[in-house]
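In case you want the letters, here they are:
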Amino acid sequence: MRGRHLAVAAGLLGVLCVPAHAEARDIGRDTLPANDGWAAEGAGTTGGAAAEAGHVHTVTDRAGLVRALDGGSDTPKIIKIAGTIDANTDDDGDRLDCADYATGGYGLKKYLAAYDPRTWGSAKPSGPQEEARRASAARQAERVVLPVGSNTTIVGLGDSAVLKGASLQVKDADNVIIRNLDVRDAYDCFPVWQPNTGGLGDWKTAYDNIWLTGATHVWVDHVTLSDKGHPDAKEPTHFARNYLRHDGLLDITNGSDLVTVSWSRFAGHDKAMLIGSSDTATGDRGKLRVTLHHNAFESVVQRAPRVRFGQVHVYNNRYDITGDDYRYSLGVSTESRMYAQNNAFHAPGHVEVADLVKSWNGTALHQSGTLFNGFPVDLLAIHNAYNSGSERDLTGDVGWTPTLHGRIDSARAADRAVARGAGAGRIP
């Protein structure tokens with residue numbers, strides 16, 4: 001059956017015939033192990049493991065990937081990505097850049113001149129240049145936004161599968177697996193200026209590398225997420241603010257629930273992971289149950305993660321903090337109930353233990369077994385002692401104790417294991 005399937009697949013554009021010996025094993029049929037975090041709740045997470053042969057695809061370009069995704073259908077499917085796929089390509093596979101998407105007379109210099117706060121003021125942008133920006137952004141979104149439907153498994157083949165420029169969006173879907181894939185540089189050509197954000201205004205971008213919105217039973221495993229190719233640190237400054245091109249690496253919002261993120265690598269980014277979209281999204285109560293374990297957060301400025309409302313188990317993760325722009329790692333926000341166990345932090349001299357936790361309207365954080373530069377620390381006690389009254393003291397009672405998890409190693413043992421094993425291309 002396998003040989004027959006590969007022979008048929010080889011005749012399709014964007015589909016590659018891979019010899020049977022090229023894969024050590026077929027990870028496309030893997031399912032989430034029992035008890036492996038919140039995504040194991042209930043029926044667990046199986047993705048496209050039940051897919052029939054006709055719905056198993058090996059793809060090598062955007063056109064093949066789009067066909068395999070089938071518009072985000074619920075049909076059980078397994079999609080194997082071979083090599084590098086660039087979402088910013090046309091139907092013939094030719095590369096597209098920002099100029100190819102621009103329409104309606106849009107130009108960055110024109111946009112900056114139109115909405116310069118010194119002349120435009122603090123009103124929301126409107127008029128011809130904002131309309132042109134929106135039209136241009138819509139053209140890019142048609143190429144880079146890739147909807148992932150229920151009962152889908154997406155895996156990278158080998159140790160060098162890359163999806164760049166895309167935003168994988170799991171919207172109102174159930175039972176999805178994404179594994180062994182380097183997802184990088186969800187680059188927004190047309191950021192919007194928001195004059196009133198943060199008091200001084202800021203640039204807002206459209207795309208997360210992976211976005212879970214209204215998604216349930218999702219397993220993200222051995223995935224690498226970064227801005228590689230276009231780091232925001234190298235972007236210019238406009239209106240005294242960094243001209244950001246990227247949003248989150250993996251955001252989990254709008255009632256998403258029962259998610260496990262394991263053995264993945266988050267690297268070289270500002271806002272890595274937001275769980276819960278806003279303080280007013282009270283419909284998220286009882287949802288946003290997420291497990292993060294054995295992940296590496298490297299050179300991440302903030303949101304690793306930031307949590308609202310959710311019951312989030314954060315254990316056996318490794319944090320490598322670099323750079324002068326570091327803000328925090330664990331964000332405790334409205335009604336969040338984060339349970340942090342046996343995590344290891346590595347930081348330069350200018351970062352202190354008190355910097356690791358930041359609270360906005362949060363009330364509680366459970367923490368235990370934390371290492372900071374190799375020494376045991378109590379994050380909760382230090383946060384409460386050094387927040388200078390700018391944040392309320394947090395209690396250690398988050399109202400729940402995780403039961404869905406594998407073996408929890410010491411922070412020291414997990415630190416070594418994650419350094420060796422997290423990220424794409426490292427599935428045992």
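Parameters at a glance
- Throughout, a residue's number is its position along its own chain's written sequence, starting from 1.
- In keeping with the predicted nature of the model, local features appear solely for residues at pLDDT of at least 70, side-chain atom pairs appear and are counted solely at 80 or more, and the whole-chain, interface and lining totals rest on all residues.
- Values reported for side chains reflect all heavy atoms of the structure, with hydrogen atoms and water molecules removed beforehand.
- Pairing of aromatic rings covers Phe, Tyr and Trp, the last through its six-membered ring, and needs centres within 6.5 Å; plane angles under 30 degrees mean stacked, over 60 mean edge-to-face, and all others mean tilted.
- Helix numbers and strand numbers start at the N terminus; a helix is a DSSP run of H or I with at least 4 residues, a strand a run of E with at least 2.
- Whether a residue is buried, partly exposed or exposed follows from its accessible area with a 1.4 Å probe, protein chains only, as a fraction of its type maximum: under 20%, in between, or over 50%, in that order.
- The definition used for a disulfide is geometric: two cysteine sulfur atoms within 2.5 Å.
- We call two residues in contact when some of their heavy atoms are within 4.5 Å.
- Two N or O atoms form a polar contact when they lie within 3.5 Å of each other; inside protein one atom must be a possible hydrogen donor and the other a possible acceptor, and for residues adjacent in sequence the pair counts only when both atoms belong to side chains.
- UniProt positions are given in the numbering used here, feature names are shortened, and annotations may be inferred rather than shown by experiment.
- Residues belong to one nonpolar core when they are buried, are Ala, Val, Leu, Ile, Met, Phe, Trp, Tyr or Cys, and are joined through side-chain atoms within 4.5 Å.
- Take a side-chain nitrogen of Lys or Arg and a carboxyl oxygen of Asp or Glu: if they are within 4 Å of each other, that pair is a salt bridge.

A. Representation of the packing of aromatic side chains. Counting across every chain of the model gives 15 aromatic pairs. Between Trp203 and Phe239 the ring centres are 5.6 Å apart and the planes differ by 15 degrees, which places this aromatic pair in the stacked class. Of this pair, Trp203 sits in strand E10 (residues 202-204) while Phe239 sits in the loop between strand E13 (237-238) and strand E14 (241-242), placing them 36 residues apart in sequence. Under the relative-accessibility criterion, Trp203 is labelled buried at 4%. Measuring from ring centre to ring centre gives 4.3 Å for Tyr319 and Phe345, while their planes differ by 15 degrees; the resulting arrangement is stacked. Separated by 26 residues along the polypeptide, Tyr319 in strand E23 (residues 318-320) and Phe345 in strand E26 (residues 344-346) bring together distant segments of the chain. Among the residues examined, Phe345 registers a relative accessible area of 1% and is labelled buried. One aromatic cluster is present, formed by Tyr106, Tyr111, Tyr115, Trp120, Phe190, Trp193, Trp203, Phe239 and Tyr243 through successive ring pairs.

B. Representation of the state of the cysteines within the structure. Applying the stated criterion to the full structure yields one disulfide. The residue that forms a disulfide with Cys98 is Cys189, at a sulfur-sulfur distance of 2.1 Å. Torsion about the S-S bond of the Cys98 and Cys189 cystine: about -80 degrees, corresponding to left-handed handedness. In this pair, Cys98 is assigned in helix H3 (residues 98-101) and Cys189 in the loop between strand E8 (174-184) and strand E9 (192-194), connecting sequence segments 91 residues apart.

C. How the structure looks around the environment of Tyr207. Residue position: Tyr207 is located in the loop between E10 and strand E11 (210-213). By relative accessible area, which is 5% here, Tyr207 ends up buried. Those residues in contact with Tyr207 that sit more than four places away from it in its chain are Ala137, Gln140, Ala141, Val144, Val145, Ser167, Ala186, Tyr187, Asp188, His246, Asp247 and Gly248. Within the structure, the side chain of Tyr207 is placed 3.4 Å from the backbone nitrogen of Ala141, a separation counted as a polar contact.

D. Representation of the UniProt feature "domain: Pectate lyase" (unreviewed entry) in the protein. As annotated by UniProt and renumbered to match this structure, "domain: Pectate lyase" (unreviewed entry) occupies residues 103-351. Across residues 103-351 one finds 11% helix and 41% strand; the C-alpha atoms that close the span lie 45 Å apart.

E. Representation of the nonpolar core within the structure. Of all hydrophobic cores here, the largest spans 85 residues; its most connected members are Leu65, Val170, Leu212, Ile252 and Phe266. Among all residues touching Ile252, those that are not within four sequence positions of it are Leu212, Val259, Met273, Leu274, Ile275, Gly276, Leu288 and Val290. Among the nonpolar cores identified, the runner-up in size contains seven residues, and Trp38, Leu258, Tyr339 and Val398 belong to it.

F. How the structure looks around the pattern of salt bridges. Following the criterion strictly, the structure yields 20 salt bridges and no others. Here the residues in one salt-bridge network are Arg25, Asp30, Arg179 and Asp221, joined through shared partners.

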